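Structure assessment
Listed below, chain by chain, are the residues.
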Amino acid sequence: MEEFLKQCQQSGDAAYSALRSLLERLENPITRKDARIFLAELHNRFDTKEASEKCLETYHFQIQDIYVEQYEANDCDLEPVAYEFFTQASVQYEEEVADSKAQVTAIHLIIGTLQRMNVFCVENRDTLTHKATGYSAKLLKKPDQCRAVYACSHLFWVDDQDGIKDGERYATECADAGIRVLLFDYENTYPWCKIESVNQHPLITKVNNWEEDRDSVEEFFEDGVISEVRDLLKVGLACGHEGLTCNGHSGQPIYDGEKKTLLDRVEFHESDLLSYCRDNHIELERIVGCIPQILNPNPDAMSKMITENASEEFLHSLSNYCAIQGFVEDQFGLGLIARAVEEGISVIKPLGIMIFNVGGRPGQAVCERLFERRGLRINKLWQTKILQAADTDISALVEIEKNSRHRFEFFMGLVGDQPICARTAWAYAKAGGRISHALSVYSCQLRQPNQVKKIFEFFGNGFHDISSSLDLSFEDDSVADEKIPFLAYLTNVLKEISFFPYEQPAGSRRFRSLVSAFMRTYHRIPLTADNIVVFPSRTVAIESALRLLSPRLAIVDEQLTRNLPRQWLTSLSIERTEAAKTLEEDITVIEAPRQSDLMVELIKKLKPQVVVSGIAQFESVTSAAFEHLLDTTKEIECRLFLDISDHFELSSLPNSNGVLKYLAGTPLPSHAAIVCGLLKNQVYSDLEVAFVISEDATMFKALSKTVELLQGNTAIISQYYYGCLFHELLAFQLADRHPPSQRVDEKAKTSEAIGFSSSAISVLDHAELSINETDESSLIHMDVDQSFLPITTPVKAAIFESFARQNIAESETDVTSGIKQLIHSSYGFVSNGNTELIYADCPVALFNKLVLYCIQEGGTFCFPTGSNGNYVSAAKFLKAKIINVQTNPEVGFKLTEKTLASSLENIHKPWVYISGPTVSPTGLVYSNEEMKTLLTVCAKFGARVVLDTSFSGVEFNSKGQDGWDLGATLEKLSSNNPDFCASLLGGLFFKMLTGGIKFGFLLLNQPSLVDAFHGLGGLSKPHSTIKYTLKKLLDLQEGKSEDLMNAIAEKKELLGSRYKQLKETLEKCGWEVLEAQAGVSIVAKPSAYLGKNVKIKNGASTQEIKLDDSNIRDAMLLSTDLCINSAAWTGIPGYCRFTIALEESDFKRALDCITKFKSIISN
């Protein structure tokens, strides 16, 4: 002892070291007993207030018994408040808690809280103690009664408060009232048990050892619960103060029947908040937190490690302050609480409750938002004001106010009711005033626990930086019910997949299956995925159908014509002449009111080839109006597209719908289709997906190909969102065990309706579009313009953040400045007052609008041989006048000054398409000088140039190519020839490697072109979440974000490696490979195979094919499941296209397929 005190006397640091060593001995089971005895002797040596204060002065430490009175509890008059708290708890227990399990939990919370309260007088404590005991005795199950009554026994022992010495009064009072009392006197060591009145009372039984006095114990309890009691009593908690501390007066440990103390039965762990529970997968029912909320004025000090020789000042600072935790709430001093909440979410049971003591300095709204934005429902249990600790420096809060608009909330004294800011509070305290702040206790419970847990698991997988963007606070529960499940689904998608998989242009197979399942489950319509085609929007679906059919005259509901091409709505060619029957003229659209009788009257008079109609609200309840339209259109051999968007509900209790009732009992006629735009989501007002239902297989295939040509495909994230809604609704329904009702077949023979336009039939039959694979197939797609490379972490983070945020400002989705900067730095385009950027879901949609303007002004579209085959097919589908500009293999099939000039000499109003800097599909690159030369030639002939940069940005073998700087050249050429202009078409999905996130932009710099473009019909605009994602990525690129730059560099290196592997494999197998420098595709000629005969299995049959550059695609597909594009797609005689941006395993399989095909040819 003396040696210990001598060491402590040296300094505060020496005392800290000595006490730390003592604590380590307490933790060691071998030295624990001696350490306890030593600690008890040390406590007894300084057992008075005077001795304790002298110990602090002399030995630099103090052992202090803490009472509420020391901290002005009595001055604050807490007893009435605390008593009211318990009264209200009792009321809630009696009136609200009916479940027996919940009663057990609640009563133990009441008992545990009361046991730790020292503010009550004798009378109030007696009342509360007896009430808790009464509740315990009335529990439903005997074992629960036993545990609760046993827990209440601790409430009858209070150390020398208001004259009560241990339990002597309670023991004798209970016995005098006729209650039998059982007392435990461990080996006759408890002085109060030797009081004569206690020993001689006939109703008091004294027990010295539980095992030896089993008979005495059993008299008190029924046989059915004795084992429960014995197990509980072995813990050794019914021993008064000394029992609770596990030691007797001398410091000797008190053992139970198994020779263990209470301390031996309790686990102690050093933990960083809830890390121990999280690391050991422990789930908790209750979490209670009381955590510091003041940022350390010296953040650098908080980052230091606590060493053995840490100064007293530093150690003291740790008790009052918290360090920055990396959360947005750090700015309010709530970072540590925010971290505790997020760790609590990971370990709390689904129905568990977290209770936090939160100081109100940041303001009530800020404190409550901390919980609500993390998906917690909160209930304020209690609130008061407390004095700000005098030794806590709030200057960090003053600094925050200085640098932001936020104001903290303090009060002058305990009675002030007007809040003051931190700066005023700091000045008032410095002048000797006392400041206070609010203190609130919040009970928090997860609103949708399983989904919220998934979201926070995602943050733990390397995405913590975006957790500040999460906002799960909702005023409307229906919004929460829609958004939270989707965010959970999105996190699962982003965590599980490394890339967005290939989806058919008709729409995601999963999404179409969910739509058909919804129709079967809720409306009893037996549809399949092959009856549904997905479009980006309702407008796009209607326009695509009209272009497919090319009717001379169409009648369209006036509410559905708003975004159709202006030319269709102004044409007056409605008379049916003999010439018009054979010529394909422009479409004329007549607007009609949304009322079936008026629509039918127009149809009978005008006899259109296509009708697009909605249905009025009052007519939607029954099927009469729909059947009338069906009969009328069938009679005149007209196609009908009926829009039900306004009446289609994504609800578990959808309203009656006459159209869907009809389809439940009758198949949809071949001349009719249903159009439905999904517009009514609760969260994202501008997020749209549409689908068309057709039970005619021919129409389904034609619409699938049309959407591929005109739109590419529908944004996959949008399909994910609505797919999640359909999935939730289907999960809500029980499986129907009854067989589906039989539909009544149409008795009348189906009439012949208008067919597809001849140009559409020709293109759809000959264009190399995607292969419609089955669910069981495992095709490898080297024939699509999509990257299947791993999605980088910055891209995943931006995608999730775009959907997680709420109240996104318009400036946060404005990508214009970023794209202008990108265009200027990459291509030298300079924006001026005439420049306008137009956005769409994908570049192909914008390209098609340019083709339509070319047609409108009577121009000719010029494609170099070796252009993107889908673009050429789309132009043909739209009936544009096209010529091919011949290119030569000597220059890699690039345009040259000579070939371009010779082609443009005799063309009226030429439009020239140039893919660059990266040429798709050859993978070569146009240099800056080459492009200036080509633009000069175009300007000479007054051509309009479409520069397609959407395949550029991933150069892997283009040393010496520094990009384009065309600004000065374009300005000079435009001034010399006003007819010349260059429009820049682009996208970011290759440059940013965003996988399935599609986005297209078009830069126009001629006012007349801008005006005409807006009259060409509606575009499917990118959703705000897409623009938010791209703006984040553009900002990261402009800021040279290391993560993004490294990811892009890695992908370029990977593509270069892929190119070398593919080139080597192809050349070994007899292909001539054209040297590539950039992009995601290459072209090669199967020289060794052309002209050879090969036998290919096609299902059960075998066919012999003589290979040429057009059928080699089918041969490879049937024999190896590898999809490539033939020379019919590339436009280069003999050369096929292969894309290289595949998933790693698919790329290896593709190389194997190429080798396998060689062996098939050889055999």
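Residues numbered from 1 in each chain as written. Predicted model: local features only at pLDDT ≥ 70, side-chain atom pairs only at ≥ 80, totals over all residues. Heavy atoms only, no water.

Labelled according to an unreviewed UniProt entry, the protein chain appears under the name Aminotransferase class I/classII large domain-containing protein, originating from Fraxinus pennsylvanica. Under the heading Sequence similarities (unreviewed entry), UniProt records this for the protein chain: "Belongs to the VPS35 family." (UniProt positions renumbered as here; feature names shortened; annotations may be inferred.)

1. Remarks on the overall build of the protein chain
Each helix and strand counted, the protein chain has 45 helices and 32 strands in total. Across the 1163 residues of the protein chain, 53% fall into the buried class. Sequence separation of 24 or more characterises 73% of the internal contacts of the protein chain that already satisfy a separation of 6 or more. (Helix = DSSP H or I, 4+ residues; strand = E, 2+ residues; numbered from the N terminus. Buried < 20%, exposed > 50% of the residue type's maximum accessible area, 1.4 Å probe, protein only. Contact = heavy atoms within 4.5 Å.)

2. Some points on the sheet that holds strand β26 (residues 1000-1004)
The strands making up a sheet associate through hydrogen bonds between their backbones, and the pairing can be parallel or antiparallel. Reading across from one edge, β20-β26-β25-β24-β23-β21-β22 is the order of the 7 strands in this open sheet, with mixed pairing throughout. With one partner strand each, in any of the chains shown, β20 (836-840) and β22 (882-885) form the two edges of the open sheet. Strand-to-strand twist of the sheet, defined as the mean angle between neighbouring strand axes without regard to direction, takes the value 20°. Strand direction decides the pairing type here: strand β24 (residues 944-948) and strand β25 (residues 981-987), joined by 5 bridges, are parallel. From the neighbouring strand, R944 faces β25, where its bridge partner is C981. (Pairing = 2+ DSSP bridges. Axes fitted to C-alpha atoms, helices over the stretch in contact; angles between N-to-C directions.)

3. As for the packing of helix α27 (residues 596-606) against helix α28 (residues 624-635)
Here α27 crosses α28 at 0°, and the two axes come no closer than 10 Å. Viewed along their axes, α27 and α28 adopt a mutual orientation that is roughly parallel. Touching S596, M599, V600, I603 and K604 of α27 are A625, H628, L629, T632 and T633, all from α28. In terms of residue class, the contact of α27 with α28 is made up of 5 nonpolar, 4 polar and 1 charged. (Parallel < 35°, antiparallel > 145°, perpendicular 65-115°, else oblique. Nonpolar A, V, L, I, M, F, W, Y, C, P; charged D, E, K, R; others polar.)

4. Comments concerning the side chain of Q103
On the secondary structure map, Q103 appears in helix α6 (residues 100-115). Judged by relative accessible area, Q103 falls into the buried class, the value being 19%. There is a polar contact of 3.2 Å between the side chain of Q103 and the backbone oxygen of V97. Discounting chain neighbours no more than four positions away, the residues touching Q103 are Y93, V97, A98 and L139. (Polar contact = N/O pair within 3.5 Å; in protein donor to acceptor, adjacent residues only side chain to side chain.)

5. Focus on the nonpolar core
In terms of nonpolar packing, the biggest core is built from 162 residues, with F648 and F800 touching the most fellow members. Every residue in contact with F648, bar those within four places of it in the chain, is listed here: F518, M519, L660, C676, L678, K680, F691 and F726. Listed in part, the 72 residues of the second largest apolar core include V675, V851, Y913 and F1013. (Core = buried A, V, L, I, M, F, W, Y, C linked by side-chain atoms within 4.5 Å.)

6. Some remarks on the confidence of the model for the protein chain
Confidence along the protein chain averages 82 in pLDDT terms, with 84% of residues attaining 70 or more. Averaged pLDDT values for the elements of the protein chain fall to 36 in helix α13 (residues 240-244) and rise to 96 in strand β12 (residues 532-535). This stretch, residues 576-584, has a pLDDT under 50; its non-local contacts, to residues over four places away or in other chains, come to 9 contacts. (pLDDT = per-residue confidence, 0-100.)

7. Section: the packing of helix α32 (residues 758-766) against helix α36 (residues 869-877)
Contact geometry for α32 and α36: axes closest at 9 Å, N-to-C directions at 160°. In this view, α32 runs roughly antiparallel relative to α36, as classed from their interaxial angle. In the packing of α32 onto α36, the handedness of the crossing is right-handed. Every residue of α36 that contacts α32 at S759, A760, V763 and L764 is listed here: S873, K876 and F877. Tallied by class, residues from the contact of α32 with α36 come to 4 nonpolar, 2 polar and 1 charged. (Left-handed = near helix turned anticlockwise from the far one by under 90°.)

8. Considerations on the packing of aromatic side chains
Across all of its chains, the model carries 46 aromatic pairs by this definition. Measuring from ring centre to ring centre gives 5.2 Å for F518 and F726, while their planes differ by 65°; the resulting arrangement is edge-to-face. Note that F518 is positioned in helix α23 (residues 509-523) and F726 in helix α31 (residues 716-732), a separation of 208 residues in sequence. Like F518, the residue F726 is buried in the burial classification. Look at Y1089 and F1157: their rings are 5.4 Å apart centre to centre, the planes differ by 80°, and that puts the pair in the edge-to-face class. (Phe/Tyr/Trp six-rings, centres within 6.5 Å; stacked < 30°, edge-to-face > 60°.)

9. Brief notes about α31
Given 3.6 residues per helical turn, the α-helix brings residues three or four places apart onto the same face. Spanning 17 residues, α31 covers 24 Å between terminal C-alpha atoms, matching the ideal 24 Å at 1.5 Å per step. The element α31 is largely enclosed, with a buried count of 13 among its 17 residues. (Expected span 1.5 Å × (residues − 1).)

10. Side note on the sheet that holds strand β32 (residues 1136-1139)
Here we have 3 strands laid out as an open sheet, ordered β27-β28-β32, and antiparallel in their pairing. Sheet topology places β27 (1072-1073) and β32 at the edges, where each strand pairs with a single neighbour. Pairing geometry for β27 and strand β28 (residues 1081-1085), over 2 bridges, is antiparallel. Bridge pairing in β28 links E1072 to K1085.

11. Some remarks on the environment of T792
Tracing the backbone shows T792 in the loop between β19 (780-781) and α33 (793-804). Look at T792 and you get buried, because its relative accessible area is 5%. A sequence separation of 259 residues divides T792 from K1051, and the C-alpha atoms of the two residues are 9.4 Å apart. Residues in contact with T792, not counting those within four places in the same chain, are A1047 and K1051.

12. Looking at the pattern of salt bridges
Scanning all chains against the criterion turns up 33 salt bridges. E1064 serves as the salt-bridge partner of K1068, at 3.3 Å between the closest nitrogen and oxygen. Here K1068 pairs with E1064, and both are found in helix α42 (residues 1042-1068), just 4 residues apart, close to one helical turn. Assessed through its relative accessible area of 43%, E1064 is described here as partly exposed. Taken together, the salt bridges that share partners define one network made up of E329, E342, R373 and R374. (Salt bridge = Lys/Arg side-chain N within 4 Å of Asp/Glu carboxyl O.)

13. So, the pairing of strand β23 (residues 910-915)
Among the 6 residues in β23, 6 count as buried, and that is most of the element. Burial of β23 is two-sided: the residues P910, V912 and I914 facing one way and the residues W911, Y913 and S915 facing the other way are all buried. Both β23 and β24 contribute to a ladder of 5 bridges, which runs parallel. In the sheet register, I914 faces β24, and the bridge partner there is L947. A crossover connection joins β23 to the parallel β24 through helix α38 (residues 928-940); in handedness this β-α-β unit is right-handed. (Right-handed = clockwise from strand over helix to strand, strands pointing away.)

14. Details of helix α35 (residues 843-856)
Taking 1.5 Å of rise per residue, 14 residues should cover 20 Å, and α35 covers 20 Å from first to last C-alpha, within 8% of that figure. Within α35, 12 of the 14 residues are buried, which leaves it mostly tucked inside the rest of the structure. For α35, the complete set of buried residues consists of P843, V844, A845, L846, F847, N848, K849, L850, V851, L852, Y853 and C854. Of the residues one or two after α35, G858 is the one with positive phi, at around 75°.

15. Description of the environment of V707
The topology assignment puts V707 in helix α30 (residues 697-711). Since its relative accessible area comes to 0%, V707 is described here as buried. A sequence separation of 201 residues divides V707 from A506, and the C-alpha atoms of the two residues are 7.1 Å apart.

16. Let's talk about the side chain of T865
On the secondary structure map, T865 appears in the loop between β21 (860-864) and α36. Taking the relative accessible area as the measure of exposure, T865 reaches 9% and is therefore buried. Setting aside its immediate chain neighbours within four residues, T865 contacts N884, V885, Q886, T887, F893, T1130, G1131 and I1132.

17. Regarding the environment of A554
Secondary-structure assignment places A554 in strand β13 (residues 553-557). Using a relative accessible area of 0% as the deciding quantity, one classes A554 as buried. Taking the C-alpha atoms as reference points, A554 and V612, 58 residues apart in sequence, are found 7.6 Å from one another. Other than its neighbours up to four places away in sequence, A554 contacts L546, T588, V589, I590, P608 and V610.

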